[in-house]
Amino acid sequence: MPTPSVNKVQINLAALRHNYLQLQEVVGNHVRLLPMVKANAYGHGLVPTARALYEAGARAFGVAEIEEGVRLREAGVAGEIIVFLGVMPAGFADLLRCDLSPVVFGRDTVEALSAFAVQAGKKVGVHVKMDVGMGRLGALPHEFQPLLETVGKLPGVYLAGVMSHLPLADNPEEKLTLAHGSTFFEAISAAEQSGKGRVAHIANSAALLRFPKLHYDMVRPGIALYGYYPSARLREEAAVKLRPAMSFKSCVIQVKELPAGRGVSYGHAFVTQRPTRLAVVSAGYDDGYSRRLTGRAVVLIGGRRVPVLGTICMNACMADVTELDRVEVGDEVVLLGMQGREEITADEIAGWLGTISYEVLCLFGACNRHEYIDED
Ligand SMILES: *Cc1c(COP(=O)(O)O)cnc(C)c1O
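Reading guide: rules and limits
- Residues numbered from 1 in each chain as written.
- Predicted model: local features only at pLDDT ≥ 70, side-chain atom pairs only at ≥ 80, totals over all residues.
- Heavy atoms only, no water.
- Phe/Tyr/Trp six-rings, centres within 6.5 Å; stacked < 30°, edge-to-face > 60°.
- Helix = DSSP H or I, 4+ residues; strand = E, 2+ residues; numbered from the N terminus.
- Buried < 20%, exposed > 50% of the residue type's maximum accessible area, 1.4 Å probe, protein only.
- Near = heavy atom within 4 Å.
- Polar contact = N/O pair within 3.5 Å; in protein donor to acceptor, adjacent residues only side chain to side chain.
- 1 Å grid on protein atoms, 1.4 Å probe; cavity = no way out; pocket = protein on both sides within 12 Å on 5 of 7 lines; lining within 4 Å.
- Sits in = over half its atoms within 2 Å of the grid points.
- Arc of directions from axis to C-beta.
- Contact = heavy atoms within 4.5 Å.
- Axes fitted to C-alpha atoms, helices over the stretch in contact; angles between N-to-C directions.
- Parallel < 35°, antiparallel > 145°, perpendicular 65-115°, else oblique.
- Left-handed = near helix turned anticlockwise from the far one by under 90°.
- Nonpolar A, V, L, I, M, F, W, Y, C, P; charged D, E, K, R; others polar.
- Salt bridge = Lys/Arg side-chain N within 4 Å of Asp/Glu carboxyl O.

Caption draft 1: Spatial organisation of the packing of aromatic side chains. Inspection of every chain in the model, using the stated rule, returns eight aromatic pairs. Considering the side-chain rings of Tyr-42 and Tyr-226, the 4.7 Å spacing of their centres and the 25° angle between planes classify their relative orientation as stacked. On the criterion of sequence distance, the pair formed by Tyr-42 in helix 2 (residues 38–42) and Tyr-226 in the loop between strand 9 (218–219) and helix 10 (232–237) is long-range, its members being 184 residues apart. A residue is classified by how much of its surface remains accessible, and Tyr-42, at 7% relative accessible area, is buried. Residue class for Tyr-226 comes out buried when judged on its relative accessible area of 0%. Here the aromatic rings of Phe-248 and Tyr-289 are separated by 6.5 Å at their centres, their planes lie at 65°, and the arrangement is edge-to-face.

Caption draft 2: Main features of the site of the ligand. Lining the immediate surroundings of the ligand are 13 residues, of which Lys-38, Tyr-42, Ser-205, Ile-223 and Tyr-358 lie closest. The separation between a nitrogen atom of the ligand and a polar side-chain atom of His-165 is 3.4 Å. Contact between the ligand and Ile-223: an oxygen atom at 2.8 Å from a main-chain N or O atom of the residue. Among the detected pockets, the ligand sits in the largest pocket.

Caption draft 3: Highlighting helix 12 (residues 357–367). For helix 12, the set of buried residues is Ser-357, Val-360, Leu-361, Phe-364 and Gly-365. All buried residues of helix 12 project into a common sector of 120° when viewed along the axis, lining one side. Buried-residue contacts for helix 12 involve strand 1 (8–12), helix 2, strand 10 (246–258), strand 17 (332–339), helix 11 (346–353) and strand 19 (370–373).

Caption draft 4: Quick look at unusual backbone geometry. Look at Asn-40: it is not a glycine, yet its phi comes out positive at around 55°. By the element assignment, Asn-40 lies in helix 2. We note that His-268 has phi near 50°; this positive angle belongs to a residue other than glycine. In this structure, His-268 sits in the loop between strand 11 (263–264) and strand 12 (270–271). Taking the relative accessible area as the measure of exposure, His-268 reaches 48% and is therefore partly exposed.

Caption draft 5: Molecular detail of the packing of helix 3 (residues 46–56) against helix 4 (residues 66–74). Orientation of helix 3 relative to helix 4, taken along the N-to-C sense of each, is 60°, at an axis distance of 10 Å. When the axes of helix 3 and helix 4 are compared, the pair comes out oblique. Remark: the crossing between helix 3 and helix 4 carries right-handed chirality. Of the residues in helix 4, those in contact with Leu-46, Val-47 and Ala-50 of helix 3 are Glu-68, Arg-71 and Leu-72. A breakdown of the residues in the contact of helix 3 with helix 4 according to their chemical character gives four nonpolar, no polar and two charged.

Caption draft 6: Geometry of the pattern of salt bridges. All told, the structure shown has 17 salt bridges when counted by the stated rule. Here Glu-55 ties to Arg-17 by a salt bridge, and the two come within 3.9 Å at their closest N and O atoms. Of this pair, Glu-55 sits in helix 3 while Arg-17 is found in helix 1 (residues 13–27), placing the two residues 38 residues apart along the sequence.

Geometry only, nothing functional implied.
Encoded structure:
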């Protein structure tokens, strides 16, 4: 094996299981958890994450595309796998072969899928999606009932679930989510006669934490399973204590003393104001450490928070370690996660970048090798 990159995203499987069990406690044993493991499990690694959550009790998983469902099956992951972006005819064969359940929102697809399934001698469970206000995928409320009737009449498909998705639930100030919930509830109640044995689900992490009324049969947490709250307010107010599962670590590859008045990195955006001890860190924007963090970022070295100086490069950035007693080549640098008593969270990095924790996790996860640990 060639020497691996010094950069790694470290995933604590114990934290994933902990978060799963915490959320199961919030919803109670009569409500199922459907972990959303789309986007490579928010950067945490699709298969290892699904396996850890299966161990914690999960028997259903949410992915975005067919290909992710296929990867789960090929890794031997059992349980229901729901494909949230639905399926197009090119994906029908894999869908049936791997026993995946698509979300459906249009009549043509359901009819084509029905014909394909009948040919193959199989029956496919589908989750019919309603758009209660997201303005994204889903049948509009007036199209929902006819779509359910279509599914009910067609051979080769059956109604495994009815669902919707909430656009505003992460905003603690908003007042519309319960109304969205009512639109959904009224539609599925009206369709009760066609709904034997199917599950209903609408709640993401935010709705799971805020609205017990919206739990229905199953909830679909994503971000909360990875240890983050959908909003700062929920971080303070939620009854559960979640644990971030991802860390991003690099190391020091040179230490040097610069006099005052020296420019650091491209463009000399930073000039030393005093004699400065600089640690060159082996991570840059190719590793997901965005150049837009320039001038804002802080990293952990020797258990202390130290600022990143100057422009972030493709494969390196520079930290000011003047205040530290001892720094050596090879020392660990934590860009996300804990070191000693200090912590940098994905929320903090998201604040520097003007985005949300979700994107930070996806970014770091997509750009780095993964290492799995299991630590309480
Ligand atoms: C991603 C996603 C979720 C999970 O959302 P979180 O805010 O991460 O909990 C739930 N439902 C659907 C349809 C999604 O696409």
